[in-house]
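Listed below are the residues making up each chain.
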Amino acid sequence: MSVPAYIGLGGNLGDPQAQMAQALRLLDASDRVRVEAVSPLYRTPPWGKTDQPDFLNSCARLRTDLDAEALLALCLMVENRLHRQRAERWGPRTIDIDLLVFGSSRIDTPGLAVPHPRLTERAFVLRPLADLDGDMPVLGRTVREWLADVDAGGIRLHRPGGDWWRGTGDP
Ligand code: GSY
């Protein structure tokens, strides 16, 4: 388990908190991945297409011995297992899992770009990511520095702490 990897989770259809919690439990149940830390859960105004419900968003730091492509494939499997629904590109969705950062890797292939190219402009990612590792350098600045440059005004704390995703039942 050597590489720290950061993912962003979000959703605004159905029961996003339950879907994100189950996604984290499914990832943690893999013997190749450990969920090391999870940010608080935030209610965030929609970004991009604004005439849709608020999202819930969070970030998590994982440890994995998978490579970035395999971790992304696992995240997509988890989304599919949770019956992800998404009708339009920037529209509402039940669950979204984005691979944000994978160690110090910079990858830019047709299927995968890390660090995530829109990370530095999205307050709904930077706010929870700063809770996990505000001093982490990403694309030349720290997460906290990027956060200071975006409008995070509409973001509200929904569930404090890093344990909101832990359940008692099956993953
Ligand atoms: O992958 C991002 C999905 N998404 C979100 C989101 O997760 N949160 C907010 N607040 N707005 C969003 N717009 C899109 S697309």
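It should be noted that the structure appears before, not after, this text.
Just so it is clear, the model here is predicted, and its values are computed rather than measured.

**Thoughts on the overall build of the protein chain**
And then number 1: Each helix and strand counted, the protein chain has 4 helices and 10 strands in total.
And then number 2: The C-alpha atoms of the protein chain give a radius of gyration of 15 Å, which matches the 16 Å a tight globule of 171 residues would have.
And then number 3: With the C-alpha coordinates of the protein chain rotated into their principal frame, the extents come out at 40 × 40 × 35 Å.
And then number 4: Within the protein chain, the fraction of its 171 residues that count as buried is 50%.
And then number 5: Summarising the internal contacts of the protein chain: among those between residues at least 6 apart in sequence, 69% fall at separations of at least 24.
And then number 6: Roughly 8,400 Å² of accessible area belongs to the protein chain as shown, and the carbon and sulfur atoms make up 47% of that amount.

**Some details on the pattern of salt bridges**
And then number 1: For the structure on display, the rule yields 11 salt bridges.
And then number 2: With a closest N to O distance of 3.0 Å, aspartate 51 and lysine 49 form a salt bridge.
And then number 3: Overall, the relative accessible area of 60% leaves aspartate 51 in the exposed class.
And then number 4: With a closest N to O distance of 2.8 Å, arginine 144 and aspartate 135 form a salt bridge.
And then number 5: The class for arginine 144 is partly exposed, based on a relative accessible area of 44%.

What counts, and where the lines are drawn
Numbering of residues begins from 1 in every chain and follows the order in which that chain's sequence is written. Totals for whole chains, interfaces and linings use every residue, but because this is a predicted model, local features are given only for residues with pLDDT of at least 70 and side-chain atom pairs only at 80 or more, for both listing and counting. Calculated side-chain values reflect all of the structure's heavy atoms, with hydrogen atoms and water omitted. Runs of E in the DSSP output that reach at least two residues are strands. Runs of H or I that reach at least four are helices, and both are numbered from the N terminus. Within these notes, the globule rule equals 2.2 Å times the number of residues to the 0.38 power, and the radius of gyration is based on C-alpha atoms. The buried label goes to any residue with under 20% of its type's maximum accessible area, the exposed label to any with over 50%, and the partly exposed label to all in between, with areas taken from a 1.4 Å probe on protein chains only. Contacts are residue-level and defined by heavy atoms, with any inter-residue pair within 4.5 Å sufficient. Only the protein chains shown count as covering a residue, and every accessible area follows the Shrake-Rupley method with a 1.4 Å probe. Any Lys or Arg side-chain nitrogen located within 4 Å of an Asp or Glu carboxyl oxygen qualifies as a salt bridge.

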